[in-house]
Amino acid sequence: MLSQDHLLQLFKETRADSEMICSFLETEDYVVQPIVDVSPPKWHLGHTTWFFEEFVLKEYSKDHKLFDQNTAYVFNSYYESVGDKVIRTNRGNLSRPTVAWIYEFRRYVTNKIIDLLTNEKLSNKALEVVEIGCHHEKQHQELLYTDIKYILGNNPLFPKYNNEFEENPVQDFERKWIDITEGIYEIGHKSDDFCYDNEKGVHKTYLCDFSISNKLVTNKEYIEFINAGGYEDVLLWHAEAWDWVNENKIDKPSYWHKIDGEWYQYTLQGLVKLDPEAPVTHISYYEAFAYAQWKGMRLPTEEEWETAQDKFEWGSRWEWTESAYSPYPNYHKPDGALGEYNGKFMVNQKVLRGASVATSRDHTRPTYRNFFHPQLRWQFTGFRLVK
């Protein structure tokens, strides 16, 4: 049984964390949407609030009055069964509702949820939805960091977000290869702690012998790939990836800039010299695969990664795997609109494992299955090799 007192504290902390992330923004920063994958910060604040109103207050709070009749239309993301919505590409065109209005909306819903958790005895089902809502907002906190970075990093002035966010921790130890012996291993979420439905279904998997690096690929190593002509060698790339490289003129990771013969990187602390020892980041699956081909190695499967993860350091980069995002054996998609949360995306995407420097506190675990389309790189994505 979930603890209502624990959830109340988790809810308060989660709501405060989102607003802390946005506290470094100017009002103008809240509205920008440079590309379809990036949402305006104010939309994230509104969407995570709508989630609690739609799935908690409307369902479990007696006589709840909507803050506004249009919140579902403006802030629904992909829940088709809930109703109509503003199409994703138009989120940046919404100068109204204003930022001030959205913060009023947040206060209204936050106070209603606090009142509900404080004064009502909720069913375990209701508490589970509140818990999902908190972790859903934590996911959007990571998206806030990465979307803010894209918004500011594509400003020609390279403005600084703040001086505190450190995104390039160095793995200051020698590279070693961890040997995993052939055998049958168990995969999936085993404890009673929170997890998403796509992690459930503990099952056995057969693995052949493999060796996995204890370190992520570094900037220095990736520069060697660039200098060796990796982006010009068609034999290293998937056919679809080669088209992507040429159509988009890709020749380096996102946020890299060569100035007077030296590599620089835009970070949330502004434009800085590239640290050669830091793990490479903002890499697509396509690029990770091509690099592995160049080294005569490969990426780990998600089963290999999960089996070996307690033997290496992880958490600064979401790590591309060779696994397609698909359901585990005996996967059951939840009923209703919340069933749209994970299950309907199990096609044409790759699994990433671990966490990143932008992942929120209390939101990491070795069974977490993140997933993105193979060309995307606005997240803090990196990779390690297997041989």
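Provided above is the structure to which this section pertains.
Computed from a predicted structure; not experimentally measured.

Before going further, it helps to spend a moment on the overall build of the protein chain. Each helix and strand counted, the protein chain has nine helices and 11 strands in total. Its C-alpha atoms give the protein chain a radius of gyration of 22 Å, within 12% of the compact-globule value 21 Å for 387 residues. With respect to the principal axes defined by its C-alpha atoms, the protein chain has extents near 65 × 55 × 35 Å. Here the analysis covers contacts within the protein chain between residues at least 6 apart in sequence; of these, 78% occur between residues at least 24 apart. Only carbon and sulfur atoms are counted for the fraction: they give 48% of the accessible area of the protein chain, which is about 17700 Å². Between the mean site of the 43 positive side-chain charges and the mean site of the 60 negative ones, the protein chain shows a separation of 1 Å.

With the rule as written, the count across this model stands at one cavity of 30 Å³ or more. Here the largest cavity defines a volume of roughly 40 Å³. Taken together, Pro40, Lys42, Trp43, Val74, Phe75, Arg91, Leu94 and Pro97 make up the full set of residues lining the largest cavity. Put simply, the parts of the chain that give the lining of the largest cavity at least two residues each are helix H2 (41-60) and helix H3 (71-75).

The next point concerns the pattern of salt bridges. Following the criterion strictly, the structure yields 19 salt bridges and no others. The partner of arginine 353 in a salt bridge is glutamate 302, with the nearest N and O atoms 2.8 Å apart. Of this pair, arginine 353 sits in strand E9 (residues 350-354) while glutamate 302 sits in helix H9 (residues 302-308), and the two are 51 residues apart along the sequence. For arginine 353, a relative accessible area of 0% translates into the label buried.

Moving on, we get to the packing of helix H1 (residues 4-22) against helix H4 (residues 99-119). Where H1 meets H4, the axes come as close as 9 Å, and the angle between the chain directions of the two elements is 170°. As judged from the angle between their axes, H1 and H4 are roughly antiparallel. Classified by chirality, the crossing of H4 by H1 is left-handed. On H4, the residues touching Gln4, Leu7, Leu8, Phe11, Lys12, Arg15, Ser18, Glu19 and Cys22 of H1 are Tyr103, Arg106, Thr110, Ile113, Ile114, Leu116, Leu117 and Thr118. Tallied by class, residues from the contact of H1 with H4 come to nine nonpolar, four polar and four charged.

Let us look at the environment of aspartate 179. With respect to the element layout, aspartate 179 can be found in strand E1 (residues 177-180). Every residue in contact with aspartate 179, bar those within four places of it in the chain, is listed here: Phe210 and Ser211. At a separation of 2.4 Å, a polar atom in the side chain of aspartate 179 contacts the side chain of serine 211.

Attention now goes to H4. An α-helical turn contains 3.6 residues, so a residue and the one three or four places further along point in the same direction. The end-to-end C-alpha distance of H4 is 30 Å, a good match for the 30 Å that 21 residues give at a rise of 1.5 Å each. Here the buried face of H4 lies against H1, H2, H3 and helix H5 (124-153).

For the rest of this paragraph, the subject is the sheet that holds strand E10 (residues 370-372). The four strands lie next to each other as E10-E9-E8-E11, forming an open sheet whose pairing is mixed. Bordering the open sheet on either side are E10 and strand E11 (381-382), each of which pairs with just one other strand. Pairing analysis gives four bridges linking strand E8 (residues 318-324) to E9, with the strands arranged antiparallel. Directly across from alanine 324, in E9, lies its bridge partner lysine 350. The strands that helix H8 (residues 285-294) touches are E8 and E9; relative to E8, the one it contacts most, it runs at about 80°.

Here we come to unusual backbone geometry. In most cases, non-glycine residues show a negative phi, while peptide bonds are predominantly trans. In this structure, aspartate 260 is a non-glycine residue whose phi angle is positive, near 50°. Locating aspartate 260 in the fold gives a position in the loop between strand E5 (256-259) and strand E6 (262-267). Classification of aspartate 260 by relative accessible area gives exposed; the value is 80%. Positive phi, normally seen in glycine, also occurs at asparagine 330, with a value near 65°. Tracing the chain through its elements places asparagine 330 in the loop between E8 and E9.

With that out of the way, let us pick up the packing of H2 against H5. The geometry of H2 relative to H5 is characterised by a closest axis approach of 9 Å and an angle of 175° between their N-to-C directions. As the angle between them shows, H2 and H5 are arranged roughly antiparallel. Of the residues in the contact of H2 with H5, the class split is 16 nonpolar, six polar and three charged.

What follows deals with the environment of proline 327. Along the polypeptide, proline 327 turns up in the loop between E8 and E9. For proline 327, a relative accessible area of 45% corresponds to the partly exposed category. Linking proline 327 and lysine 125, residues 202 residues apart in sequence, is a C-alpha distance of 23 Å.

Rules used in this analysis
Residues numbered from 1 in each chain as written. Predicted model: local features only at pLDDT ≥ 70, side-chain atom pairs only at ≥ 80, totals over all residues. Heavy atoms only, no water. Helix = DSSP H or I, 4+ residues; strand = E, 2+ residues; numbered from the N terminus. Rg over C-alpha atoms; globule rule 2.2 N^0.38 Å. Contact = heavy atoms within 4.5 Å. Areas by Shrake-Rupley, 256 points an atom, 1.4 Å probe, with all protein chains shown as cover. Lys, Arg positive; Asp, Glu negative; His and termini not counted. Charge placed at Lys NZ, Arg CZ, Asp CG, Glu CD. 1 Å grid on protein atoms, 1.4 Å probe; cavity = no way out; pocket = protein on both sides within 12 Å on 5 of 7 lines; lining within 4 Å. Points joined across faces, edges and corners; volume = space filled by probe spheres on them. Salt bridge = Lys/Arg side-chain N within 4 Å of Asp/Glu carboxyl O. Buried < 20%, exposed > 50% of the residue type's maximum accessible area, 1.4 Å probe, protein only. Axes fitted to C-alpha atoms, helices over the stretch in contact; angles between N-to-C directions. Parallel < 35°, antiparallel > 145°, perpendicular 65-115°, else oblique. Left-handed = near helix turned anticlockwise from the far one by under 90°. Nonpolar A, V, L, I, M, F, W, Y, C, P; charged D, E, K, R; others polar. Polar contact = N/O pair within 3.5 Å; in protein donor to acceptor, adjacent residues only side chain to side chain. Expected span 1.5 Å × (residues − 1). Pairing = 2+ DSSP bridges.

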